[in-house]
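Examination of the molecular architecture
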Amino acid sequence: MKESVYSICGMCAVRCPIRVEVEDGKVTWVEGNSNDSGMGTAICAKAAASIPFQYDDQRPQRPMIRDGARGSGKWKQVSWDEAYDYITDKLKTIIAEHGPKSIMLTDRGGPFADLRKAFMKAIGTPNYINHDCTCGRNANHACKSTYGMGRTGFAYDLKNANHIVLFGRNITESFKVKEVKGFLKGVKNGAHVTYVDPRVTNTAGKATRYWQNKPGTDYALLLGITNYIVANKLYDEKFVKKWCLGLAELKKFLKPYTPEWAAEETGITSDEIKAFCHEVDADRPKVIFHIGWLYSRYKDTFYASRMLNILNALMGNTEQTGGLIYPKTPKHADSSGLKSLSADIPDVKEPRCDSCDSDWDWYDNGAGMLQLAYDAIDTGKPYPVKAYFVHRHNPLIALPDPEEQKRILDKLDLLVSVDVNYSETSWYADIILPESTFLERDTILRTDKGPKPGFSMRRKCVEPFYDSKPGWQIYVDLAERLGKGEYMPYKSIEDIWKYQLQDTDVKIEDFSATGMVKLCDSPIGTSDDNIKFGTKSGKIEFVNKTWEDKGIESFKPYESPEAPPEGSYRLLFGRKGYQTHGQSTNNPVLSQLLGSNKLLIHTDEAKKLGISDGDTVTVSNGSKVGSIEAQVTDFIHPEAVFMLHGFGTDVPAQERAFGKGLADNAFMKGKLKDWDKAGGGLALNETFVTVKPAA
Amino acid sequence: MSKYYVTQDVEQCIGCKACEVHCKTKNNSGEGAFFCKIMQVGPEMKNNLPVLDFVYMACFHCENPWCVDACPTGAMQRRDKDGIVFVDQTNCVGCKACMDACPWGVPQWDVETGKVDKCDLCMDRIDEGLEPACVSKCTTGCLSFGTPEQASDQKRQDFAERILSQKA
């Protein structure tokens, strides 16, 4: 018997709409949900690899409690009751001594985090934090400090753009299905694509202009570009006059940063910079400067992203076809939105452990900042943090310096991992609660923004293959056992869906036909009437006084990146289109496509070091040393070396991936504390390593 | 040539290998066996730009297949009604003669069964009026499935439209 279920993928954080075929209780087919016209039946390799993952025995199969030292890999399998008892007993002791605020949780954010936020609020702690310090924080805050809204406040109309400018945004490899389809439509329609990256990626192969800048000089290049655009009035004067504040200050600040200056700093000639500026002038307003996604790279990345935001404003591309468009919300379709599961839970009055509501209050405290929470665990200030829930998040591979992280984690009384994988962090936890895979679980409803706003539903397609539970059940059960059941009084997922939908006219059964509900029949178009910014002035603030009052300057004078010490290289990382960071390297099928990572090194440097393509080399930074195969290439800047992220796992239960390649973050010694204080993003490209032929 | 034709718009391919995994998960090819594969060529610098392409390689389903001629047991066959070349697993003895014979490395060795298997254009899907897995779920839509006549018409149409857009 064959059934078809509309759902939402969970193999990466993009969460594409899908259709799943199930035959005799087994998943046989996963494709895009063609009811979403941007998807069609298209879907990526990772989504298809959810089928072998579903039936893999190298994932947690039942709750496990540590039966040896942390990280020893000695586990005792227990029942869910025993697991819950273990957690609640420990939590009750911690709460009695330190209060509920000493509990924190991290996850990877996204549309389903509302459930975890509600759980944290229900048990009385303000310490919900997501992964974003290693992802889009700088870009988010850069957008907030100029436009007064987060980075997802705009959608990019790539398919209609005349010019797409990507600073390291590897849009064809670190891709979202709908976004990359839009990008390729733009390419097919003849859009210019300018791609800037010290390494040639697949995206460079789609570009009409590729700039290999010196690593760490994005900000310099952007200063040179903006200088020339402002000095020569190659911008939308009408838009800027109407909507932007601080042009005179910007112009004054940019004065020394001529294209000639930028050429010296970046290695891109001034003629090329000028030609680019004239090209975008001709192409605007249909010009998109991507403000960055995983833009947690250098110590001035916030300012690079801020300049990208300013360039968008100069192009006058707000709410323009081929530019930056407001994703329409249920409100635009005259509908209420989903009710937050936190809505009826009393506010938590305690301050946050990461101080994003006090010392760092220009940061968006909805996402928090994990590196600051680590400080709290380490120092006990502003107060002790003793319990940490890690929900399908893997800080030991995402954040720098796992050794340092483990030293800090050792100060916890309880480390709980809720995961579908044996991640580096779950392997270090006190207890692993196996969450059902996305094919096995229902999830809370999500809001879909866009021309036709609406909601969509992830449905359980098959029964759990092992003794796992869906996330909603785990947190509802734990709240109940901690005496907070009144705040999460749900007996079933339907109870949760009904709660979420209570202010709308939508019913649960409305989702059965296509997995989604649209709140209007025809797309809501763009209109200048929609233009509105979230800043205090209601304008785009090149100079943001609110942030300046907190000590965050609007324009940061440029400082050259540190040159690699003699014999060292700047360590860069990235990913492939058939890989989800560290989550997929042990996948039964994806591991056949990509078994290990390699170290990319420039031909000239390899020659100096006596390294040939395919040689094993030793990479080191201080006490961290490892071996990896070298890939010698002309297509990386000579100052840098590169490895794909997510390899080199030390978790033996990941038998296919164990010991294959190296983990870039393990070389980032001391970098947990060395980050961009203005934007909050970690500086993941500020590490130097030495390379030599293996003995 | 079978009556079907899979074409690839190389400019729209991003090398994401979704086709390989769609094929593997549909056809359960053995470990390391890929009925279709994306072959990367480049990068190399041309006119100051890095050029790199991804070329889709599956089976051409030849009119006079070398593999069928080479097969001593009749396991490798050509379907009468549409020319799809496929392996009847019950008759394959794992001699690898087809692998030697095929100029394009199409027949794949299955370490688990000790036999050869290959792309059959997902003929079970074709018989249901569907497209092969690789085409149906291609991330970017760069793969197309049809007949040679359709592909030729499409090419002419694309060319004609480019002339129009240049005029505009």
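Cut-offs used in this document
- Residues numbered from 1 in each chain as written.
- Chains lettered and ligands numbered in written order.
- Predicted model: local features only at pLDDT ≥ 70, side-chain atom pairs only at ≥ 80, totals over all residues.
- Heavy atoms only, no water.
- Phe/Tyr/Trp six-rings, centres within 6.5 Å; stacked < 30°, edge-to-face > 60°.
- Helix = DSSP H or I, 4+ residues; strand = E, 2+ residues; numbered from the N terminus.
- Buried < 20%, exposed > 50% of the residue type's maximum accessible area, 1.4 Å probe, protein only.
- Lys NZ or Arg CZ within 6 Å of the ring centre and 35° of its normal.
- Contact = heavy atoms within 4.5 Å.
- Pairing = 2+ DSSP bridges.
- Domains from an automatic or database assignment.
- 1 Å grid on protein atoms, 1.4 Å probe; cavity = no way out; pocket = protein on both sides within 12 Å on 5 of 7 lines; lining within 4 Å.
- Points joined across faces, edges and corners; volume = space filled by probe spheres on them.
- Nonpolar A, V, L, I, M, F, W, Y, C, P; charged D, E, K, R; others polar.
- Polar contact = N/O pair within 3.5 Å; in protein donor to acceptor, adjacent residues only side chain to side chain.
- Axes fitted to C-alpha atoms, helices over the stretch in contact; angles between N-to-C directions.

Regarding the packing of aromatic side chains
Residue and element names in this part refer to chain A. One pass over the structure, following the stated rule, counts 31 aromatic pairs over all chains. Measuring from ring centre to ring centre gives 6.0 Å for Tyr 219 and Tyr 558, while their planes differ by 45°; the resulting arrangement is tilted. Here the residue Tyr 219 occupies a position in helix H7 (residues 218–231), and Tyr 558 occupies one in the loop between helix H19 (545–549) and strand E22 (568–574), the gap between them amounting to 339 residues. Judged on exposure class, the residue Tyr 219 and its partner Tyr 558 are both buried. A ring pair is formed by Trp 360 and Trp 675, whose centres lie 5.4 Å apart and whose planes are at 35°; its orientation type is tilted. Taken together, the residues span a long stretch of sequence, with Trp 360 in the loop between strand E14 (324–325) and helix H13 (370–379) and Trp 675 in the loop between strand E26 (640–644) and strand E27 (688–693) at a distance of 315 residues. One exposure class covers both Trp 360 and Trp 675, and it is buried. Taken together, the aromatic side chains of Tyr 219, Phe 253, Tyr 257, Trp 261, Phe 302, Tyr 303, Trp 547, Phe 555 and Tyr 558 make up a single cluster linked through ring pairs. Positioned above the aromatic ring of Phe 667 is the side chain of Lys 624, whose terminal nitrogen or guanidinium carbon lies 5.6 Å from the ring centre.

Points about helix H18 (residues 493–501) of chain A
Of the residues making up H18 of chain A, those classed as buried are Ile 493, Ile 496, Trp 497, Tyr 499, Gln 500 and Leu 501 of chain A. Buried residues belonging to H18 of chain A abut helix H4 (114–123), strand E19 (454–456) and helix H17 (471–481) of chain A.

Examining the pairing of strand E16 (residues 414–419) of chain A
Residue and element names in this part refer to chain A. Taking burial as the measure, the 6 residues of E16 include 6 buried ones, the bulk of the element. Relative to E16, strand E15 (residues 387–391) is paired through 5 bridges, and the arrangement is parallel. Pairing of Phe 389 across the sheet is with Val 416, part of E16. Sheet topology note: the E16/strand E17 (residues 431–434) ladder contains 4 bridges and is parallel. Directly across from Asp 419, in E17, lies its bridge partner Pro 434.

Some details on the domain arrangement of chain A
In terms of domain boundaries, chain A breaks down into domain 1 (64–134 + 336–518), domain 2 (155–325 + 539–549) and domain 3 (568–693). Each of domain 1 of chain A and domain 2 of chain A has a C-alpha centre, and the two are 36 Å apart.

Observations regarding empty space enclosed by the protein
Residues and elements named next belong to chain A. As enumerated under the stated definition, the model contains 9 cavities of 30 Å³ or more in all. If you trace the largest cavity, you find 20 residues lining it, with Phe 112, Arg 116, Arg 392, Arg 441 and Arg 458 closest to the centre. At the level of elements, H4 and H17 are the ones that each hand at least two residues to the lining of the largest cavity. Looking at side-chain class alone, the lining of the largest cavity contains 6 nonpolar, 5 polar and 9 charged residues.

A closer look at the layout of surface pockets
Any empty space left between the atoms is revealed when a probe the size of a water molecule rolls over them. Approximately 1,400 Å³ is the volume attributed to the second largest pocket. Taken together, 40 residues form the lining of the second largest pocket, with Lys 188 of chain A together with Asp 9, Glu 11, Asp 158 and Arg 162 of chain B sitting closest to its centre. Mapped by element, the contributors of at least two residues to the lining of the second largest pocket are helix H6 (177–188) of chain A together with strand E1 (5–8), strand E3 (49–57), strand E8 (143–146) and helix H6 (148–167) of chain B. In terms of residues, the lining of the second largest pocket owes the most to one element, H6 of chain B, which gives 11 residues. Its residues assigned to classes, the lining of the second largest pocket comprises 14 nonpolar, 17 polar and 9 charged.

Some words on the side chain of Ser 426 of chain A
Residues and elements named next belong to chain A. Position of Ser 426 relative to the elements: it lies in helix H16 (residues 424–427). The class of Ser 426 is buried, set by a relative accessible area of 0%. One polar contact links the side chain of Ser 426 to the main-chain amide nitrogen of Ser 423, over a distance of 2.7 Å. Excluding its chain neighbours within four sequence positions, the residues that come into contact with Ser 426 are Trp 75, Ser 417, Asn 421 and Ile 432.

Structural notes on the sheet that holds strand E23 (residues 599–602) of chain A
All names here are of chain A. Taking strand neighbours around the barrel as the criterion, the 6 strands line up as E22-E26-E23-E25-E24-E27 in a closed arrangement whose pairing is mixed. Across the sheet, the axes of successive neighbouring strands diverge by a mean angle of 45°, strand direction being ignored. Direction of pairing for strand E24 (residues 616–621) relative to strand E25 (residues 624–633): antiparallel, over a ladder of 6 bridges. Across the sheet, residue Thr 616 finds its bridge partner in E25, namely Glu 629.

Observations regarding the sheet that holds strand E6 (residues 103–107) of chain A
All names here are of chain A. As summarised here, the arrangement of the 7 strands in space is E5-E4-E17-E16-E15-E6-E7, forming an open sheet in which the pairing is mixed. Edge positions in the open sheet fall to strand E5 (75–77) and strand E7 (128–130), since each of these has one partner strand only. Taken over all neighbouring pairs, the strand axes of this sheet differ in orientation by 20° on average, direction set aside. Bridge analysis of E6 against E15 gives 4 bridges, and the strand direction is parallel. From the neighbouring strand, Ile 103 faces E15, where its bridge partner is Ala 387. Sheet contacts for H4: E6, E7 and E15; angle to E6, the most-contacted strand, approximately 175°.

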